[in-house]
Each structure stands twice: as structure tokens, then as C-alpha cells.
Amino acid sequence: MSNAVVLDDDVMEPTLQSILDQKTLRWIFVGGKGGVGKTTTSCSLAIQLSKHRKSVLLISTDPAHNLSDAFNQKFGKDARLVDGFDNLSAMEIDPNGSIEDLLANGPEGTDEAMAGLGGMGNMMQDLAFSIPGVDEAMSFAEVLKQVKSLSYDVVIFDTAPTGHTLRFLQFPTVMEKALAKISQLSKQFGPMLNGLLGANLPAGQDINSLTQKMEELRETIAEVNTQFKNPDMTTFVCVCIAEFLSLYETERMIQELNSYEIDTHSIVVNQLLFPKMDNPCVQCNARRKMQKKYLDQIEELYDEFNVVRMPLLVEEVRGKDKLENFSKMLVEPFVPPPET
């Protein structure tokens, strides 16, 4: 047993059961360094959540897109049911969108109005584009569109490697600033633009209606921003392996999440080796010794976290059945054999 497991009511259990029990959660992010098993973990968590929630949406924002490989089923930018489930859907969205995508997926008619503005519309887009992080954050517009129209109970993000994920989480703040600038420009030059461009705008559209649509979109994003910072509605599950670089990346991520006021209290440690007693494999025992050192550090550093230990398996975790079996270990702590 780890030294972290003591008779103390405040010690967090090595399981993600608390996430399943927290019915108020609406946004769950799963992230970490590349190659640590984020997709397997997010798919497994989604499967467990589907047993407790009415409707679950799993979204990949990683350019590598592994959801299709994990479930052996093709997913795209529109949500579709995962085979074998009636309340779990998945989608893979392009994280490299553009400001035009946001406007096209915003309130109805916004894209037409922007097109009607001609050069001024381009100026507004350029203005929004000038804010760092806007282009990377555009994929969230697709999320808002899907979530708003289909009303999922909970949304799980299988995120890109750490750096991209942290920029992605700045989306609401970045877009609030961008849309505020666009709205300000529309208000400032609205009367003049109505006179100059009125004939070119779509029927029933004017600068004021465009400004109103922009403001509605900004309010929606502001609401999401508030929800992200509410620990009752949002949490981030960190995924890592018991190696120095992964531990370093996890600590950096947790520090930044704290600075964004985003709750995180769960760490999944994947690919752990548990050699049997008297195992003759020198490499296995040496790696297990190294892993144990970093696992002890993780449990000491994050004694107030749910630290979930997941074993390295002898086969790939692909397909519904294998994912379901793997997912059980997220909520039923894995019991390793006795130490050598």
C-alpha cells in the first residue's frame, strides 16, 4: 500500500467515482502530455458517465483525433451515437478554425450580415483576429452550437497535448474580448455604416441587428466562462505516466489551471508495471522501481487529489468491450500484486 493511504477522512480515494456522483458537473476536461493515454481515459470516463447521466457528449479537440480509432468507429464534426450506446455521442472537431467559422456558427444570420458588410466585415474579422489565441479557440464555437442545440447532460473533452489545451481553456476570455471589440466598432460606426452599406445588407438586416447578434454571442460565451470557473460545473482530469517529464508537465498544467480558476482534483497515472514476485525480467523490475519512485512523488505532492493507478496492459485498449473493461478500473481501484 502507498504511504498516502492512511486512516483519514480527508484522504481522497484512488478512484473517479466522485466525478460520477457529482451530478452538477457539465464540463469535464481530460488532458496531459502527449502519449500518456488521454483518449483511452476520456473514452473510459465517458462510458462510466453514460451509466449515470441521461446524455453524454465526448469531444476530441486534438488534431490527431483518436476517438475513431479507440471505438473502431468513424466520427466527424457532427455528434453521432457511439455504437452500442443510446446516450453516448462523440465528435471530432478541427481545432484550427477561423473567425469566419465562429460567425457562421453564431446567431442565425450573423454570417450573412458580415458578408453584407463587405470591406467593413473584413475589418471586423481582422480586428478580432488580432487578439492572440483567437484562431486556436475557434473550435469551441462548434461545441457551443452542438451543446446548445442538443442539450447534453455533460460534455467531456479529449484535449490536445498540454500547451494547446491551456490555450484552448483561455477561449471564453479571448472571445469575450474579440466580440467586445467588434461590438464596440459596430456601435461607434453604426449610423454611418447603415447609410453607406444599407442597400448591400441582407433583407431585414442592419448594423444594429448585427451588433445585437454579436452581443448575444458574447453573453453566451461569458456564461460559459463563468461555468468553467465554477467547480460545481467544471473539472479537469489530469492524465500522466510515472516518469519525470510527465510529472513535470502535470505540475505545470495544474499550476496554470489554478491561475485560470479551473478546478482539478483528479490524476490518472497510466501504464504502471506491477511485476509478479520473483519476476526474472530485469527491465520490468528496473522500470517498476523507477515508476514507484515517481508514483510516490505524485501521491506525496497531490495527497489532496484522487490519484488513480492504472496498469499497463498486454494489449491495446480499442473497441467498446475493451474500453468498458478498462473503464471499470477508473472507479474500482486496481489492486496490484505484492511488491517483490
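Everything numeric here is computed off the predicted structure, so don't read it as measured data.

### Points about the nonpolar core
Next up, step 1: Membership of the largest hydrophobic core comes to 36 residues, with the highest contact counts inside it found for Ile28, Leu45 and Phe71.
Next up, step 2: Beyond its immediate chain neighbours, meaning those up to four positions away, isoleucine 28 contacts Ile19, Leu45, Leu49, Val154, Val155, Ile156, Phe157, Thr235 and Val237.
Next up, step 3: Ile59, Phe228, Ile267 and Tyr294 belong to the second-largest nonpolar core, a separate cluster that totals 31 residues.

### Description of the packing of aromatic side chains
Next up, step 1: Evaluation of the coordinates by the stated rule reveals eight aromatic pairs.
Next up, step 2: For the pair phenylalanine 29 and phenylalanine 157, a centre-to-centre distance of 4.4 Å together with 10 degrees between the ring planes defines the contact as stacked. Of the two residues, phenylalanine 29 sits in strand S1 (residues 27-31) while phenylalanine 157 sits in strand S5 (residues 154-158), which places them 128 residues apart along the sequence.
Next up, step 3: Among the aromatic residues, those joined into a cluster by ring pairs are Trp27, Phe29, Phe157, Phe228 and Phe236.
Next up, step 4: Geometry around tryptophan 27 places arginine 26 over its ring, the cationic atom sitting 5.5 Å from the centre.
Next up, step 5: Against the face of phenylalanine 85 rests lysine 320, its NZ or CZ located 5.1 Å from the ring centre.

### A closer look at the sheet that holds S5
Next up, step 1: Ordered in space as S3-S4-S2-S5-S1-S6-S7-S8, the eight strands form an open sheet in which the pairing is mixed. Sheet topology places strand S3 (80-81) and strand S8 (306-311) at the edges, where each strand pairs with a single neighbour.
Next up, step 2: The sheet contact formed by S1 and S5 spans four bridges and is parallel. Within the sheet, the bridge partner assigned to phenylalanine 29 lies in S5 and is phenylalanine 157.
Next up, step 3: The strands that helix H13 (residues 282-301) touches are strand S6 (234-241), strand S7 (266-272) and S8; relative to S7, the one it contacts most, it runs at about 175 degrees.
Next up, step 4: Sitting on the sheet, helix H14 (residues 320-331) is in contact with S7 and S8, with an inclination near 145 degrees to S8.

### As for unusual backbone geometry
Next up, step 1: Phi at glutamate 261 takes a positive value of approximately 65 degrees, unusual for a residue other than glycine.
Next up, step 2: When you line up the elements, glutamate 261 lands in the loop between helix H12 (244-259) and S7.
Next up, step 3: Of note in the backbone geometry, glutamine 271 takes a positive phi value of approximately 65 degrees without being a glycine.
Next up, step 4: Inspection of the secondary structure puts glutamine 271 in strand S7.

### Quick look at the side chain of serine 50
Next up, step 1: Inspection of the secondary structure puts serine 50 in the loop between helix H2 (38-49) and strand S2 (56-60).
Next up, step 2: Polar contacts involving the side chain of serine 50 include one to the main-chain carbonyl oxygen of isoleucine 47, which spans 2.5 Å.
Next up, step 3: In contact with serine 50, not counting residues within four places along its chain, are Val56, Phe85, Asn87 and Leu88.

### Section: H13
Next up, step 1: Along its 20 residues, H13 runs 29 Å from first to last C-alpha, staying within 8% of the 28 Å computed at 1.5 Å per residue.
Next up, step 2: Among the residues making up H13, those that are buried are Arg288, Gln291, Tyr294, Leu295, Ile298 and Glu299. Buried residues along H13 cover an arc of 140 degrees about the axis, so they all sit on one side. Facing away from the buried side of H13 by over 90 degrees, the exposed positions are Val282, Lys289, Glu300 and Leu301.
Next up, step 3: Contacts from the buried residues of H13 go to S6, H12, S7 and S8.

### Side note on the pairing of S8
Next up, step 1: A large share of S8 lies buried, amounting to six of its six residues.
Next up, step 2: Of the two faces of S8, both are covered, the one formed by Asn306, Val308 and Met310 as well as the one formed by Val307, Arg309 and Pro311.
Next up, step 3: Where S7 meets S8, five bridges bridge the pair, whose relative direction is parallel. By the bridge assignment, valine 269 is partnered in S8 with arginine 309.

Analysis parameters
- Residues numbered from 1 in each chain as written.
- Predicted model: local features only at pLDDT ≥ 70, side-chain atom pairs only at ≥ 80, totals over all residues.
- Heavy atoms only, no water.
- Core = buried A, V, L, I, M, F, W, Y, C linked by side-chain atoms within 4.5 Å.
- Buried < 20%, exposed > 50% of the residue type's maximum accessible area, 1.4 Å probe, protein only.
- Contact = heavy atoms within 4.5 Å.
- Phe/Tyr/Trp six-rings, centres within 6.5 Å; stacked < 30°, edge-to-face > 60°.
- Helix = DSSP H or I, 4+ residues; strand = E, 2+ residues; numbered from the N terminus.
- Lys NZ or Arg CZ within 6 Å of the ring centre and 35° of its normal.
- Pairing = 2+ DSSP bridges.
- Axes fitted to C-alpha atoms, helices over the stretch in contact; angles between N-to-C directions.
- Polar contact = N/O pair within 3.5 Å; in protein donor to acceptor, adjacent residues only side chain to side chain.
- Expected span 1.5 Å × (residues − 1).
- Arc of directions from axis to C-beta.

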